[in-house]
Amino acid sequence: MKLDVQLDGRPDEAAQRARALIAAGVDGLFTFEGPHDVFLPLIVAAGSSDVPPTDLMTNVAIAIPRSPMNLANMAYDLQLLSKGRFRLGLGSQIRPHIENRYGSTWSRPAARMRETVLAVKAILNSWQDGTPLDFRGEFTKHTLMPATFVPGPNPYGVPPVLLGALGPVMTRTAAEVADGLLVMPFHSHRHFRERTLPAVAEGLELAGRERIDLYPQAIVAMGDTPEEIEAAAFGVKALLAFYGSTPAYRPVLDIEGWGDLQPELNALSKTGDIMTMIGLIDDTMMRTLAVVGTPAECAGEMKARFGDVAERVCAYFPGSTHPEETITALATELGRTTGPTT
């Protein structure tokens, strides 16, 4: 399997960090829509002459507050800068963030994301093929494209448009219209097999498609020693507690029998009692919802979870900055050829 890892969000540090990660042997870099813009670090990495070419991806760019035209422009230009190595990963976010952080409008997220993906692809294909732009949807319309604003065919082709999803409706939507599915990192092996993959199959059948590229993501507590793993576990438990407090993510806890934990975490999140939230995530939960161990053990677990359905995996290391040799060990182990998975 190939390994994608997060390129930290600060644009002024992106080139240096990208060089280090590529030197460590990763196959691709992705950005997260956090405290910094999701596109700028990728622009820096793709445009720096001393950063070797590598695969780049937004994971994810929050789409609902953005215009499909803006997204298409950015995707086109990053495809140019990266010489054909860019993937546009889109996500919806949850209602409180869309309305109260972005100041945008929330309604029917799966329908909106479906239309956004189709609109972005329609714009990119219009530029690529020279066909008139005529996209008319329920939430957005794109019918004006004077020659002044047409960049022309991208010499590296149209970049793939991926969609992040957790629930069955959004997952089906991704399988119907997107070029790839970004599997939400908050999941368990059982949820992935019993909920995600069946929803993918339903979406493909509805669209009359045979396959879609899957990009599973894993929250990883990794270290070379028990002490390093224990230190990494704190950040992992903090992220799991944050995700677990979100009502929309309760199905992952439900399938494992931990659904009653979600409202408790949610109530604590509103009071800011982070340490109590972290304390509620025990080691069994962590090892079920995340990947834990040495680089070799983590690689083995990722292959066991995803190796029969995906060619690459995205790894998050919340709260940890690993030395290059540890990242190299993980990438090397993932790249080893193994027998068929069962």
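Anything mentioned here points back to the structure above.
Residues numbered from 1 in each chain as written. Predicted model: local features only at pLDDT ≥ 70, side-chain atom pairs only at ≥ 80, totals over all residues. Heavy atoms only, no water.

**Brief notes about the overall build of the protein**
Link 1 in the chain: A tally of helices and strands in the protein yields 14 helices and 13 strands.
Link 2 in the chain: For 342 residues, the compact-globule estimate of 2.2 N^0.38 gives 20 Å, and the C-alpha radius of gyration of the protein, at 20 Å, lies within 12% of that figure.
Link 3 in the chain: Principal axes of the C-alpha set define a box for the protein whose edges measure 60 × 45 × 40 Å.
Link 4 in the chain: Taking all 342 residues of the protein together, the buried fraction comes to 51%.
Link 5 in the chain: Long-range pairs, those at least 24 residues apart, make up 73% of the contacts in the protein with a sequence separation of at least 6.
Link 6 in the chain: Accessible surface, the protein: about 15,300 Å² in total, of which carbon and sulfur atoms supply 52%.
Link 7 in the chain: Distance between charge centres in the protein, computed from 30 positive and 40 negative side chains, equals 6 Å. (Helix = DSSP H or I, 4+ residues; strand = E, 2+ residues; numbered from the N terminus. Rg over C-alpha atoms; globule rule 2.2 N^0.38 Å. Buried < 20%, exposed > 50% of the residue type's maximum accessible area, 1.4 Å probe, protein only. Contact = heavy atoms within 4.5 Å. Areas by Shrake-Rupley, 256 points an atom, 1.4 Å probe, with all protein chains shown as cover. Lys, Arg positive; Asp, Glu negative; His and termini not counted. Charge placed at Lys NZ, Arg CZ, Asp CG, Glu CD.)

**What to know about the side chain of T246**
Link 1 in the chain: Along the chain, the position of T246 falls in the loop between α8 (226-244) and α9 (250-255).
Link 2 in the chain: Overall, the relative accessible area of 10% leaves T246 in the buried class.
Link 3 in the chain: From its side chain, T246 meets the backbone oxygen of F242 in a polar contact 3.5 Å long.
Link 4 in the chain: The contact partners of T246, leaving out residues within four places of it in the chain, are I94 and Q262. (Polar contact = N/O pair within 3.5 Å; in protein donor to acceptor, adjacent residues only side chain to side chain.)

**Examining a negative patch on the surface**
Link 1 in the chain: Together, D224, E227, E228, E324 and E325 give the surface a local cluster of negative charge.
Link 2 in the chain: Elements supplying a minimum of two residues to the negative patch: α8 and α14 (324-335).
Link 3 in the chain: On the secondary structure map, E325 appears in helix α14.
Link 4 in the chain: E325 sits in the exposed class, given a relative accessible area of 57%. (Patch = residues over 30% accessible without salt bridge, like charges linked within 9 Å, V, L, I, M, F, W, Y side chains within 5 Å. Salt bridge = Lys/Arg side-chain N within 4 Å of Asp/Glu carboxyl O.)

**Section: the pattern of salt bridges**
Link 1 in the chain: Applying the stated rule across the entire model yields 23 salt bridges.
Link 2 in the chain: Where D179 meets K121, a salt bridge forms, and the shortest distance between an N and an O atom there is 3.3 Å. Placement of D179 in the loop between α6 (168-177) and β9 (180-183) and of K121 in helix α5 (residues 109-129) is noted, with a sequence separation of 58 residues between them.
Link 3 in the chain: Across the pair R136 and D134 runs a salt bridge whose closest N-O atoms are separated by 2.7 Å.
Link 4 in the chain: For R136, a relative accessible area of 61% gives the class exposed.
Link 5 in the chain: Through salt bridges with shared partners, a single network forms among D4, D55, R85, R87 and R312.

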